[in-house]
Amino acid sequence: MTIQRLNPTPRWSDATIFNNIAHFVEVPNNTDCSMDDQVAQILAQAEITLAEINSDKSRLLSATIYITDKTNVPALNAAWQAWLPVGCAPSRACIKVELLDPAMLVEIAFVAAVRQ
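Attention here is on the structure that accompanies the text.

Calculation notes
- Every chain is numbered independently, its residues counted from 1 as its sequence is written.
- Restriction of local features to residues with pLDDT of at least 70 applies here, the model being predicted, together with a cutoff of 80 or more for giving and counting side-chain atom pairs; totals for whole chains, interfaces and linings are based on all residues.
- Only hydrogens and water are set aside when side-chain values are computed; all heavy atoms of the structure are taken into account.
- Helix and strand assignments come from DSSP, with helices taken as H or I runs of at least 4 residues and strands as E runs of at least 2, each series counted from the N terminus.
- Only protein chains enter the accessibility calculation, which uses a 1.4 Å probe; a residue whose area is less than 20% of its type maximum is buried, one above 50% is exposed, and one in between is partly exposed.
- For patch building, the residue pool is restricted to those with more than 30% relative accessible area and no salt bridge; the joining distance is 9 Å between like charges and 5 Å between nonpolar side chains (Val, Leu, Ile, Met, Phe, Trp, Tyr).
- Accessibility throughout is a Shrake-Rupley quantity obtained with a 1.4 Å probe, and a residue counts as covered only by protein chains that appear here.
- A side-chain nitrogen of Lys or Arg and a carboxyl oxygen of Asp or Glu constitute a salt bridge if their distance falls within 4 Å.
- To get an axis, a line is fitted to the C-alpha atoms, and for a helix only the part in contact is used. The angle between two axes follows their N-to-C directions and goes from 0 to 180 degrees.
- An angle below 35 degrees is treated as roughly parallel, one above 145 as roughly antiparallel, one from 65 to 115 as roughly perpendicular, and anything else as oblique.
- Helix crossings fall into two classes, left-handed where the near helix is turned counterclockwise from the far one by less than a right angle and right-handed where it is turned clockwise.
- Throughout, a contact is declared for two residues whenever any of their heavy atoms are within 4.5 Å.
- Residues are grouped as follows: nonpolar covers Ala, Val, Leu, Ile, Met, Phe, Trp, Tyr, Cys and Pro; charged covers Asp, Glu, Lys and Arg; every other residue, Gly included, is treated as polar.
- By convention, a stacked pair of Phe, Tyr or Trp rings (six-membered ring in the case of Trp) has centres within 6.5 Å and planes under 30 degrees apart, an edge-to-face pair has planes over 60 apart, and any other such pair is tilted.
- By definition, two strands form a pair when at least two bridges between them are found by DSSP.

### Quick word on the overall build of the protein
- Helices and strands together make up the secondary structure of the protein, namely two helices and six strands.
- The helix and strand sequence of the protein, counted from the amino end, reads β-β-β-α-β-α-β-β.
- Out of the 116 residues belonging to the protein, those deemed buried represent 34%.

Written out as structure tokens, the structure is:
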């Protein structure tokens, strides 16, 4: 089977797809804002990526969420729950980390099923 890469660069691809399973990571483009705004950016970007790979948020299989401050979890959870379709929550891990950009409060790695 072929591995497909969406917008590959020398260091990363926007998404990689193998066997109808896509892997991609979203980070906020603007980090000069609150957790709410950074999460909103990521979720909007995820919807764009999902559309580009012939998927959608109801087809998410898992998400790994990296946050820098555990006090931001309630804001993350509120946005996450409002964004997901009812009954479509993927498996999820939320990990407190130090991200390379100190202004970045959150990063999310997604895995999604792709329509054939």
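### Let's talk about a nonpolar patch on the surface
- Taken together, the side chains of Met 1, Ile 3 and Phe 18 make up a nonpolar region of the molecular surface, amounting to roughly 360 Å² of accessible area.
- Position of Ile 3 among the secondary structure elements: in the segment before strand 1 (4-6).
- Under the relative-accessibility criterion, Ile 3 is labelled partly exposed at 45%.

### Considering the packing of helix 1 (residues 35-52) against helix 2 (residues 73-83)
- Relative to each other, helix 1 and helix 2 sit at 30 degrees, their axes nearing to 9 Å. With respect to helix 2, the axis of helix 1 lies roughly parallel. For helix 1 against helix 2, the interelement crossing comes out right-handed. On the side of helix 1, the interface is formed by Met 35, Asp 36, Val 39, Leu 43, Ala 46 and Glu 47, while helix 2 contributes Ala 75, Leu 76, Ala 79, Trp 80 and Trp 83.
- Among the residues forming the contact of helix 1 with helix 2, the class breakdown is nine nonpolar, no polar and two charged.

### A closer look at the environment of Asn 19
- Inspection of the secondary structure assignment puts Asn 19 in the loop between strand 2 (15-18) and strand 3 (21-26).
- In this structure Asn 19 comes out as partly exposed when scored by relative accessible area, which is 45%.
- Taking the C-alpha atoms as reference, Asn 19 lies 31 Å from Gln 38; in sequence the two are 19 residues apart.

### What about the packing of aromatic side chains?
- Counting across every chain of the model gives four aromatic pairs.
- Note on Phe 24 and Phe 110: the rings are 5.0 Å apart at their centroids and 15 degrees apart in plane angle, and the pair reads as stacked. Here Phe 110 lies in strand 6 (residues 106-113) and Phe 24 lies in strand 3, a separation of 86 residues in the sequence. For the residue pair Phe 24 and Phe 110, the accessibility class agrees, reading buried in each case.
- Ring geometry for Trp 80 and Trp 83: centres 5.7 Å apart, planes at 40 degrees, overall tilted. Separated by three residues within a single helix, Trp 80 and Trp 83 lie in helix 2, roughly one turn from each other.

### Considering the pairing of strand 3
- Across the two faces of strand 3 the burial differs, with Ala 22, Phe 24 and Glu 26 buried and Ile 21, His 23 and Val 25 not buried at all.
- By the bridge criterion, three bridges tie strand 2 to strand 3 in an arrangement that is antiparallel. Residue pairing for strand 3: Ile 17 is matched across the bridge by Ala 22.
- Hairpin connection of strand 2 to strand 3: two residues between the antiparallel strands, including Asn 19 at a positive phi of 55 degrees.
- Of the strand pairs in this sheet, strand 3 and strand 6 are connected by six bridges, and their pairing is antiparallel. Looking across to strand 6, one finds that Ile 21 is bridged to Ala 113.

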